[in-house]
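Spelled out, the chains give:
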Amino acid sequence: MPLLSVGLTALLLTWCLASGQQAPQTIQPSGQSQNGQDPPMSTLQRIEGLLEQINYDRNLRPYFGGQPVRVEMSMTIASIDQISEVDLDYTITLFLRQYWNDDRLIFRGVNRTLSLDGRLVEKLWVPDIFLVNAKQSFLHTVTVDNRLIRIFPNGDVLYGLRVTAKAACPMDLRKYPLDEQNCTLELESYGYTDEELELGWKAGNASVTGLGRLDLSQFTVGDYNTVAKLVKYETGNYWRLVFSFQLYRQIFYFILQTYLPMILLVILSWVSFWVNHESVPARVTLGITTVLTMTTLTSAARSSLPKISYIKAIDVYMVMCFLFVFAALLEYAAVNFQSNQRARRERKKLRKQAKEDKDKEGGGKGGSAAAILLSRLRAANAVSRDGNAGTANDSVRNSPSTNACTKRVSIATTSSSQNDENCKEGPSVGIELRAGVGERRRPTFAEVAQKVARRRTLHFKVPEITDVNDIDRWSRFMFPLAFVIFNIIYWIGYGIG
């Protein structure tokens, strides 16, 4: 009897175990049991139990020790904003999706895809993808973590998440603001080499969507491209996915904020050419005001740009506009200088004319005596050159005119000159008669060198401006013409080149 009881008990236990055992990879859909009643536990708990039954290890990749895992990606661009030329970066928000196959998650009994809670990601293996050129990035968590996990019956897994990142974008600003930039977003596995994980785009360029709906403030998104390539590090070779896109800058904003104010300031500086050159306060104030305003505009424009070593297109335009404004101020300086020079020449000419008129009025006796004395001196010098110095000296010495002054004879040039007891006083013109007039004085070495230097010196004659208003008349035509030519060269060179 005890033996029969033991046998019945063993048979009952075996039957219970056989009836209670189920397929380890069968999942009931929609949270219901086969008899239509509510399950005793949630779907998440049932999947966690399934993972425990099959000894799923999230630390091991699929096909561990065998072929590499093929991970394909696609993305939808939600927004691109905060493109900064100072920091050389941009901010992008995207929905990133990753696809791979995990043979450990193949299940039977359910012919549909399972969309599971994002918290299940902590229980599964997912690729260790990171953004290579990201400066900062974060996963959205409102109201819950913005990520999903979807498992297909054949073991395919879809892992999606919403990410915002500030990515670096090296820019060439030589044509700024007439430039176009090429920015990239690069994704790569952090720890798995090409022997363990292979990355690729799901459908080439069609893997990226959403660019056509973007509305950027200063840019227009142009062509884009997707590339998969291998990069080499010290730790091995890794697959990298590169998404590159073109950004075309909209120039209309800069025309209103920078170019148009500068053009108007340059035109304003030309107003001084129509103001009378004698109105010194008006022309000086106008010139200085335009120069200072141009300096302020230049400083404001440069504050929004990085401090780079090469010259940008906007720098060329600002410098040339500043030079045009400054040249207009210098033009008035030239006009004022020529006006003063002309007035000085007129005053000098009037003084000389008055002096000549005064000399003519007092010419009479004193003038004739000076002429007689000058002719006798010339005759004496001529005789001395012919070797008759003694006769000349005697004639000069015995003449009545030379007896009045034996040491020096000065020729008076004014009618009011008076004779003293020795000589006539008054301004002399530097013609002197000394004792021994017939003796020739030999020139010194310094005099000879100075004479040679004067002969070899080139003399340039500056053309004389008869009317200072001609400078303003020429400026009214030359300044606008030069500015128009500069603008044609600038817009063709930077806009087309």
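This is a predicted model, so every value here is computed, not measured. (Residues numbered from 1 in each chain as written. Predicted model: local features only at pLDDT ≥ 70, side-chain atom pairs only at ≥ 80, totals over all residues. Heavy atoms only, no water.)

Caption draft 1: Fine view of the overall build of the chain. Across its full length, the chain carries ten helices and twelve strands. Taking all 497 residues of the chain together, 32% fall into the buried category. Of the contacts made within the chain by residues no fewer than 6 positions apart, 74% connect residues no fewer than 24 positions apart. Of the roughly 31,500 Å² that the chain leaves accessible, carbon and sulfur atoms contribute 56%. (Helix = DSSP H or I, 4+ residues; strand = E, 2+ residues; numbered from the N terminus. Buried < 20%, exposed > 50% of the residue type's maximum accessible area, 1.4 Å probe, protein only. Contact = heavy atoms within 4.5 Å. Areas by Shrake-Rupley, 256 points an atom, 1.4 Å probe, with all protein chains shown as cover.)

Caption draft 2: Summary view of helix H4 (residues 280–302). Its 23 residues place the ends of H4 33 Å apart at the C-alpha level, agreeing with the 33 Å of an ideal helix rising 1.5 Å per residue. Three or more residues of H4 are buried, namely Arg283, Gly287, Thr290, Val291, Met294, Thr298 and Ala301. (Expected span 1.5 Å × (residues − 1).)

Caption draft 3: Structural view of the state of the cysteines. Taken as a whole, this structure holds one disulfide when the rule is applied. A sulfur-sulfur separation of 1.9 Å characterises the disulfide bridge that pairs Cys169 with Cys183. Taking the sign of the S-S torsion, about -80° here, the bridge from Cys169 to Cys183 comes out left-handed. You can see Cys169 sitting in the loop between strand S7 (156–168) and strand S8 (180–189) and its partner Cys183 sitting in strand S8, a full 14 residues away along the chain. Cys183 matches Cys169 in its accessibility class, with the two residues each being buried. (Disulfide = S-S within 2.5 Å.)

Caption draft 4: Spatial organisation of the confidence of the model for the chain. In this model, the chain carries a mean pLDDT of 76, and residues with pLDDT of at least 70 account for 68%. Low pLDDT (under 50) marks residues 1–41, which in the prediction has 30 contacts with non-local residues, meaning those over four places away or in another chain. Low pLDDT (under 50) marks residues 383–438, which in the prediction has 60 contacts with non-local residues, meaning those over four places away or in another chain. (pLDDT = per-residue confidence, 0-100.)

Caption draft 5: Quick look at the packing of helix H3 (residues 252–269) against H4. Running from amino to carboxyl end, H3 crosses H4 at an angle of 165°, the nearest separation of the two axes being 9 Å. With respect to their mutual orientation, H3 and H4 come out roughly antiparallel. For the crossing formed where H3 meets H4, the hand is left-handed. Together, Pro261, Met262, Leu265, Val266, Leu268 and Ser269 of H3 and Leu286, Thr290, Thr293, Met294, Leu297 and Thr298 of H4 make up the contact between the two elements. Looking at the contact of H3 with H4 residue by residue, the classes come out as eight nonpolar, four polar and no charged. (Axes fitted to C-alpha atoms, helices over the stretch in contact; angles between N-to-C directions. Parallel < 35°, antiparallel > 145°, perpendicular 65-115°, else oblique. Left-handed = near helix turned anticlockwise from the far one by under 90°. Nonpolar A, V, L, I, M, F, W, Y, C, P; charged D, E, K, R; others polar.)

Caption draft 6: Representation of the nonpolar core within the structure. One finds Met75, Ile77, Ile80, Tyr90, Leu185 and Phe243 to be the most contacted residues of the largest nonpolar core, which totals 76 residues. With eight residues, the top contributor of residues to this core is helix H5 (residues 313–361). Beyond its immediate sequence surroundings of up to four residues, Ile77 is in contact with Ile92, Thr93, Leu94, Val208, Thr209, Gly210, Leu211, Leu214 and Phe243. (Core = buried A, V, L, I, M, F, W, Y, C linked by side-chain atoms within 4.5 Å.)

Caption draft 7: Representation of a nonpolar patch on the surface. Nonpolar side chains collect at one region of the surface, where Phe252, Ile255, Leu256, Leu260, Leu264 and Ile267 lie side by side and expose about 540 Å² of accessible area between them. Locating Phe252 in the fold gives a position in helix H3. You can call Phe252 exposed: its relative accessible area is 56%. (Patch = residues over 30% accessible without salt bridge, like charges linked within 9 Å, V, L, I, M, F, W, Y side chains within 5 Å. Salt bridge = Lys/Arg side-chain N within 4 Å of Asp/Glu carboxyl O.)

Caption draft 8: Structural context of the sheet that holds strand S11 (residues 219–233). Read from one edge of the open sheet, four strands run S4-S8-S12-S11, paired in antiparallel fashion. Looking along the sheet, the strands with just one partner apiece sit at the ends: strand S4 (129–131) and S11. Recorded for the sheet is a direction-independent mean angle of 20° between the axes of neighbouring strands. Summarising the sheet, S8 and strand S12 (residues 236–249) pair through nine bridges and their orientation is antiparallel. Within the sheet, the bridge partner assigned to Gln181 lies in S12 and is Leu247. (Pairing = 2+ DSSP bridges.)

Caption draft 9: Fine view of the pattern of salt bridges. A complete count under the given rule lists 15 salt bridges for this structure. For Lys135, the salt bridge is made with Asp89, and the minimal N-O distance between the two is 3.2 Å. Pair noted here: Lys135 is in strand S5 (residues 134–139) and Asp89 is in strand S2 (residues 89–101), with a separation of 46 residues, a long-range link. Lys135 gets classed as partly exposed once you look at its relative accessible area, which sits at 44%. Looking at Asp89, the relative accessible area reads 4%, which means it is buried. Linked through salt bridges whose partners overlap, the residues forming this network are Arg70, Glu72 and Glu198.

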